[in-house]
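# Structural overview for review
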Amino acid sequence: IVVLGYYLNDVDYILFRDKATNPNSVFSFLDVNSPLGWFTLNFFVPNYAYYNIAQFTSPQKNTNFTDVLIRAHLDDKVWNEQAGNLQKMVQWTTDHNAKLIVLLWPQLAAIKESQPALQRVRDFFKDKPNVQIADISPLLEGKPTLSLLVNRFDSHPSIEANKIAADLLYSIISGNTP
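What counts, and at which threshold
Note that residues are indexed from 1 along each chain, following the sequence as it is written. A pLDDT threshold of at least 70 governs which residues receive local features in this predicted model, and a stricter bar of 80 or more applies before side-chain atom pairs are shown or counted, although totals over entire chains, interfaces and linings include all residues. Derived side-chain values reflect all non-hydrogen atoms in the structure, with water molecules and hydrogen atoms excluded from consideration. Stacked, tilted and edge-to-face are the three classes applied to pairs of Phe, Tyr and Trp rings, where Trp contributes its six-membered ring and a pair requires centres within 6.5 Å; stacked means planes under 30 degrees apart, edge-to-face means over 60, and tilted covers the rest. Helical segments are the DSSP runs of H or I of at least four residues, strand segments are the runs of E of at least two, and each set is numbered from the N terminus. Between buried and exposed lies partly exposed: a residue is buried under 20% and exposed over 50% of the maximum accessible area for its type, with that area taken using a 1.4 Å probe on protein chains only. Whether a charge lies above a ring is judged from NZ of Lys or CZ of Arg, which has to be within 6 Å of the ring centre and within 35 degrees of the ring normal. Definition used for salt bridges: Asp or Glu carboxyl oxygen within 4 Å of a side-chain nitrogen of Lys or Arg. For our purposes a nonpolar core is just a set of buried Ala, Val, Leu, Ile, Met, Phe, Trp, Tyr and Cys residues, chained together by side-chain atoms within 4.5 Å. Contacts are residue-level and defined by heavy atoms, with any inter-residue pair within 4.5 Å sufficient. One requirement defines pairing of two strands: DSSP has to find at least two bridges between them. To define axes, lines are fitted to C-alpha atoms, for helices over the stretch in contact only, and angles between the resulting N-to-C directions are given on a 0 to 180 degree scale.

## Points about the packing of aromatic side chains
- In total, this model carries five aromatic pairs according to the counting rule given.
- Measuring from ring centre to ring centre gives 5.4 Å for Y7 and W105, while their planes differ by 10 degrees; the resulting arrangement is stacked. One end of the pair, Y7, is in the loop between β1 (2–6) and α1 (12–15); the other, W105, is in the loop between β2 (100–104) and α6 (111–125), and 98 residues separate them in sequence.
- Since its relative accessible area comes to 28%, Y7 is described here as partly exposed.
- On the accessibility criterion, W105 (2% relative accessible area) is buried.
- Taken together, a centroid distance of 6.2 Å and an interplanar angle of 80 degrees make the contact between W79 and F124 edge-to-face. Of the two residues, W79 is situated in helix α5 (residues 76–95) and F124 in helix α6; the sequence distance between them amounts to 45 residues. F124 shares its class with W79; the two are buried.
- Three or more aromatic residues link up through ring pairs in this structure, and these residues are W38, F39 and F43.
- Positioned above the aromatic ring of F124 is the side chain of K128, whose terminal nitrogen or guanidinium carbon lies 4.4 Å from the ring centre.

## Considerations on the pattern of salt bridges
- Going through the model one piece at a time under the given rule, you end up with four salt bridges.
- The partner of R122 in a salt bridge is D135, with the nearest N and O atoms 2.7 Å apart. In this pair, R122 sits in helix α6 while D135 sits in strand β3 (residues 131–135), placing the two residues 13 residues apart along the sequence.
- In this structure R122 comes out as buried when scored by relative accessible area, which is 15%.

## A word on the nonpolar core
- In terms of nonpolar packing, the biggest core is built from 25 residues, with Y6, V102 and F125 touching the most fellow members.
- At the level of secondary structure, the elements contributing two or more residues to this core comprise β1, α1, α4 (59–74), α5, β2 and α6.
- Discounting residues that sit within four places of it in the chain, F125 has contacts with L4, L86, V90, L100, V102, V131 and I133.
- Counting 16 residues, the second-largest nonpolar core is a separate cluster that includes I111, A134, A161 and A165.

## Side note on the sheet that holds β1
- Read from one edge of the open sheet, three strands run β1-β2-β3, paired in parallel fashion. The sheet is open, and its two edges are formed by β1 and β3, each paired on a single side. Mean inter-strand twist for the sheet, computed between neighbouring axes without regard to direction, equals 20 degrees.
- Where β2 meets β3, five bridges bridge the pair, whose relative direction is parallel.

Below you can see the structure in the form of structure tokens.
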């Protein structure tokens with residue numbers, strides 16, 4: 001069994017190639033060669049204040065980041081490249097007689113808004129042999145956003161969100177598919 005935890009930012013490696021599509025372009029990064037940039041990069045308090053408080057907690061910047069990722073999944077050029085790479089994973093699991101479980105993660109602070117992008121991923125995998133889609137979105141809907149995040153400065157899945165994912169995967173692997 002191979003488990004692919006699919007996050008919307010899994011497409012960002014394609015976007016990073018071009019400043020116009022780079023999701024990090026909504027954030028401001030200091031020049032690490034300048035004295036202020038070096039100081040901020042190398043010392044915890046200024047680094048934390050600049051990057052965690054001033055940058056990544058900005059609702060405007062984070063909303064833009066989510067929008068960029070959703071639009072990327074709906075852009076045929078970007079999606080076709082992503083789909084080609086996903087097909088390689090499907091082929092590898094087929095060649096190795098392995099089942100592929102695709103655990104779909106929405107943007108945790110934008111579960112409903114993530115659905116058009118996740119639908120594109122669902123549609124790609126839905127008829128593939130030996131592939132099962134595990135969409136965690138319905139299990140996360142209605143839960144307080146902050147309970148799903150590591151903390152308000154870090155949008156990675158919390159312990160609670162990971163437990164929900166683990167329970168879903170366990171039920172699938174043990175044959176008790178929800």
